[in-house]
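Given next are the chains, with one letter for each unit.
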Amino acid sequence: MKKLRYVLLFLIVLIVGGYFYLIQDFSKTSSLIIYNGTIITMENQADKPEAIFVKDGVIQMVGSKADVMQLKESNTEMIDLQGKTLMPGFIDPHTHPLVSALLIDMVDVSGFTHKSPEEVWAHLAKEVRKFEPGTWVFCRGLDPILTKNLASPHISKLDSIAPNNPLFIFAQTLHNYWANSLAFKAVGVTAQTKDPSKTSFYEKDAQGKLTGMIVEQAAMTAFKTRIFEEIGQKKLIKNLAMVMDNYAKAGNTTIVTTGLTTFKKNIIKLCEHFSSEKPTLFGQGLATLNIFPDRKPAVRHFVYVRHDAQHLLPDSPQNGDDFFKIVGVKYWYDGSPLAGSMYMRKPYFMSRLTRESIRINSGHRGKYLIRPTQMVKIIENLQKKGWQIATHAHGDQAIDDVLWAYETANKKATVKEFRHRLEHCMLLNEQNLKRMNTLNMTPSFHINFIYYYGDALKNDILGIERANRILKANTAFKNQVNPSLHADQPMYDSDPFSLMATAVNRKTKEGEAIGPQEMITVWQALQTMTINAAWQVKMENKIGSIKKGKYGDFVVLDQNPLKVDKASLRNIKILRTIVHGNTVFQK
Ligand SMILES: [Zn+2]
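Conventions we followed
Residues numbered from 1 in each chain as written. Predicted model: local features only at pLDDT ≥ 70, side-chain atom pairs only at ≥ 80, totals over all residues. Heavy atoms only, no water. Phe/Tyr/Trp six-rings, centres within 6.5 Å; stacked < 30°, edge-to-face > 60°. Buried < 20%, exposed > 50% of the residue type's maximum accessible area, 1.4 Å probe, protein only. Helix = DSSP H or I, 4+ residues; strand = E, 2+ residues; numbered from the N terminus. Lys NZ or Arg CZ within 6 Å of the ring centre and 35° of its normal. Axes fitted to C-alpha atoms, helices over the stretch in contact; angles between N-to-C directions. Parallel < 35°, antiparallel > 145°, perpendicular 65-115°, else oblique. Left-handed = near helix turned anticlockwise from the far one by under 90°. Contact = heavy atoms within 4.5 Å. Donors = N, O, S within 2.8 Å, 3.2 Å for Na, K, Ca; no water. Patch = residues over 30% accessible without salt bridge, like charges linked within 9 Å, V, L, I, M, F, W, Y side chains within 5 Å. Areas by Shrake-Rupley, 256 points an atom, 1.4 Å probe, with all protein chains shown as cover. Salt bridge = Lys/Arg side-chain N within 4 Å of Asp/Glu carboxyl O. Domains from an automatic or database assignment. Buried area = accessible area lost by both parts, 1.4 Å probe. Polar contact = N/O pair within 3.5 Å; in protein donor to acceptor, adjacent residues only side chain to side chain. Pairing = 2+ DSSP bridges. Expected span 1.5 Å × (residues − 1). Bend = angle between axes of the 7 residues up to and from the residue.

(A) Region of interest: the packing of aromatic side chains. Using the criterion set out here, one finds 16 aromatic pairs in the structure. Geometrically, the ring pair formed by F168 and F170 is edge-to-face, given 5.3 Å between the ring centres and 80° between the ring planes. Comparing F168 with F170, the two get one shared label, buried. Look at Y452 and Y492: their rings are 4.9 Å apart centre to centre, the planes differ by 20°, and that puts the pair in the stacked class. Remark: Y492 occurs in the loop between β20 (484-485) and α18 (496-505) and Y452 occurs in helix α15 (residues 449-461); sequence separation between them is 40 residues. Exposure remark for Y492: the relative accessible area of 4% places this residue in the buried category. Aromatic rings pair up to connect F112, F449, Y451, Y452, Y453 and Y492 into one cluster. The ring of F323 carries the charged tip of R300 above its face, separated from the ring centre by 4.7 Å. The aromatic ring of Y368 is capped on one face by K367, whose charged end is 4.4 Å from the ring centroid.

So, in C-alpha cells, the structure goes:
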C-alpha cells in the first residue's frame, strides 16, 4: 500500500514536471492561421498571399485563403488581421541588452530629455538629494552635443553636486564617463594610477590632477565591476526581463548582442534561460528558487561575446539552438565621432564643440584601439576555430586598417563562410565596400547618427563635405554586401521604423538633408531589418522572410510601410509580435 503511494507520488511529479517542461518548450505551439490583411513576405515585392498556416512554429503554407483554410485543425488559433499589415519580425542586428538593463533606471541626464546645461545640472542635483549619503548615484546619457553648450563637467563641479555620494555618469556615446572624488576613491583610482593605455585613460590636468573624465572602456573596468555589484543581481535580472520584453514591443523577433557586457558564465545562462528553445536544468532550478524569472516565449537571441571574455565561447560555433546561440566575438577597433575617438584619415573639423566639449586639438584624427598587425593575428586565430568576428569600425582609417588585416590574414585561406561584420561604418566608402564584397564581409550602419547628430556632424565635427559621405547605405546595396541598420541600444532605443525612416529620408531631426544620394527605398529598408540581418547571423534560411519551412516570426503593423508616405514611416505602430508562432507582444 505504502509502495503504491510512492509510485503515485512519483507519477504526479512526472506529469507536473513534464507539463512545465512542455509548456516551456517554445517550439511546441498549437497551429495558427493568419488572414484578412496585407502580407509582405520580403521574398518578392510582387507576392500577395492571402493567408498563412503555421504549425509547431514553422510556416507550412503561404497562399490563398481557400487553400490555407483547408488546413485548419480543431484547435487552430485564428488571427484576423482586420486589414492590417503582417510582415516578418524585425531583427535587431546590433544591440546591448545587458547594458540597457544596467542603465534602465539610472538618473537620466541625456540630451533627449534636457535641452540646456542648467537643466541637466539642476535635475541631477535634485535627484542626488533623494539618495542616502554614501550610496552610489549612477547617471546615463550625458551629451554635450544634443544639450547645446554643455561643457565636460570638472570633478570639482561633480563634487559640489554630490558632496556625500559617489557619483558616476555615462556619456550618451558610452565612450566617455565622469566620476566625482568619492567615486574615484571608492574604486581605488588616484592621479597616480597607471592609465590602461594611451587611448583609454583617466584624464588629468596640467598639474597632473584628475579632471573627473574617464576615456574609453578599459579605464572604466574598475567602475564597471562596482556598478554591477551596487545594482545587484536581483535588480539586474528584473531589468533584463523588462528589456527583453521591450525588444518584442518594438517589433523585434530576434536580437543580436554585439559584445555581451559580462565575464560571467551565469549571465550567459540567464540569457539562455530567457530565449532558448527548451528550458535548461540549471535555469529551471534557479527559476524554482525564484532567482531566475519563470520562462515565457521571448525574442530569439544571438550573441557575440566580448573580445576580453573569450572564456565564454563554447567549443564550436555549432552550439545552442535557433532560439539562443553564441555566434562569435566582438572587437572594438576605434571609438565614436562624438567622443573624438573615431579613427579618420583626415583630422577632425575644429569648432567650439570639438575644442571645448569633445576636447580635442587641431590635427587630431583619433587612433586605433588595436594594432593592425595584432588584428591580423586575432582574425587568423578565431577563423581557425570557425568563429565570426564583429568589429566596431567607424572612421575611414579604422575601416582601411581592419580590411587590410582581413586581406592579410586571408591571403591563403578563403573567407567565404565567415561573413565577418563591420559595425557602425560611418565613413565606409565605395572602394572599401568593394573590398568587403570580395572578402564576403557585411556592414551594419549606425544610421540614426544622421537623425540625431547630423547637424553636429556637419557643422562641428566632420565638416559639410565629409558629413555628406557618411553611412552609405545605398552604395552598400549596390555592392551587394547585405547591409543592416541598428540603433545600438542603449545609444538609441531599439526602434526599427525610426532607423528605416532615417535610411529612407536621410534627414536630421531638424529636417536638413545629409547625403541624399545615399537614400534607400522602403523595400530595401525593410530588407536591412529582416533578411539582411538574418544573413549576417547565418539564419537567412530560417528567419527574415515569410516562406514555407521558415519559422513563424511575424510582426503586425497598423499601416503598410510600402503604401504610406515615406516621410511618415517613423509613425508606424507595432500591434503584435509573434515568435515561432507564440505571441510575445500584443497591443
Ligand atoms: Zn554597440
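(B) The arrangement of the packing of helix α13 (residues 396-409) against helix α14 (residues 430-438) in detail. Running from amino to carboxyl end, α13 crosses α14 at an angle of 25°, the nearest separation of the two axes being 11 Å. As far as their axial angle goes, α14 and α13 are roughly parallel. Classified by chirality, the crossing of α14 by α13 is left-handed. Counted together, D396, I399, D400, L403, W404 and E407 of α13 and N432, R435 and M436 of α14 form the full contact between these two elements.

(C) Layout of the coordination of the zinc ion. The coordination sphere of the zinc ion contains the protein donors H94 (NE2), H96 (NE2) and D488 (OD), at a distance range of 2.1 to 2.2 Å. Among the residues examined, H94 registers a relative accessible area of 0% and is labelled buried. Its relative accessible area of 9% is what places H96 among the buried residues.

(D) Fine view of a nonpolar patch on the surface. Together, L4, V7 and L8 make up an exposed nonpolar region whose accessible area comes to about 270 Å². Overall, the relative accessible area of 47% leaves L4 in the partly exposed class.

(E) Representation of the domain arrangement of the protein in the model. For the protein, the domain assignment lists domain 1 (97-228), domain 2 (235-304) and domain 3 (328-539). Taken over C-alpha atoms, the centre of domain 1 sits 28 Å from the centre of domain 2. The interface of domain 1 with domain 2 comprises 10 residues on the first partner and 15 residues on the second. Here domain 1 meets domain 2 over a buried area of about 1100 Å², counting both sides, of which 77% is carbon and sulfur. When the buried surface of domain 1 facing domain 2 is broken down by residue, P97, L98 and I104 rank first, second and third, together holding 52% of it. Linking domain 1 with domain 2 are 1 salt bridge, by the criterion used here. Linking domain 1 with domain 2 are 2 residue pairs in polar contact (both at pLDDT 80 or more), by the criterion used here.

(F) Quick look at the side chain of S545. Topologically, S545 is positioned in the loop between α20 (531-536) and β21 (554-557). The exposure class of S545 is buried, given its relative accessible area of 2%. Of the polar contacts made by the side chain of S545, one reaches the side chain of E43; its length is 2.6 Å. Here the side chain of S545 touches K550 through a polar contact of 2.6 Å, side chain to side chain.

(G) The arrangement of the sheet that holds strand β9 (residues 137-142) in detail. Ordered in space as β8-β9-β10-β11-β13-β12, the 6 strands form an open sheet in which the pairing is mixed. At either end of the open sheet lies a strand with only one pairing partner, and these are β8 (107-108) and β12 (201-204). Here strand β11 (residues 176-179) runs beside strand β13 (residues 210-215); their pairing, made up of 3 bridges, is antiparallel. When the sheet's bridge partners are listed, Y177 is paired in β13 with I214.

(H) Just the pairing of strand β23 (residues 582-586), in detail. Summarising the sheet, strand β22 (residues 574-579) and β23 pair through 4 bridges and their orientation is antiparallel. Bridge pairing links R576 to Q586 in β23. The loop that links β22 with its antiparallel partner β23 comprises 2 residues; one of these, H580, has a positive phi angle of about 55°.

(I) Region of interest: α15. Taking 1.5 Å of rise per residue, the 13 residues of α15 would be expected to cover 18 Å, yet its terminal C-alpha atoms sit only 12 Å apart, more than 12% below that figure. The largest bend along α15 measures about 30° and falls at D455. Considered for burial, the residues of α15 that qualify are F449, I450, Y451, Y453, G454, A456, L457, K458 and I461. Residues of α15 that are buried make contact with α11 (352-357), α16 (464-467) and α18.

(J) Just the sheet that holds strand β3 (residues 51-55), in detail. A sheet is described by the order of its strands in space; here 4 strands give the open sequence β4-β3-β1-β5, paired in mixed fashion. Edge strands, defined here as strands with exactly one partner in the open sheet, are β4 (58-63) and β5 (77-80). Neighbour-to-neighbour, the strand axes of this sheet turn through a mean angle of 15°, independent of strand direction. With 4 bridges joining them, strand β1 (residues 32-35) and β5 adopt parallel strand pairing. The partner of I33 across the bridge, within β5, is M78.

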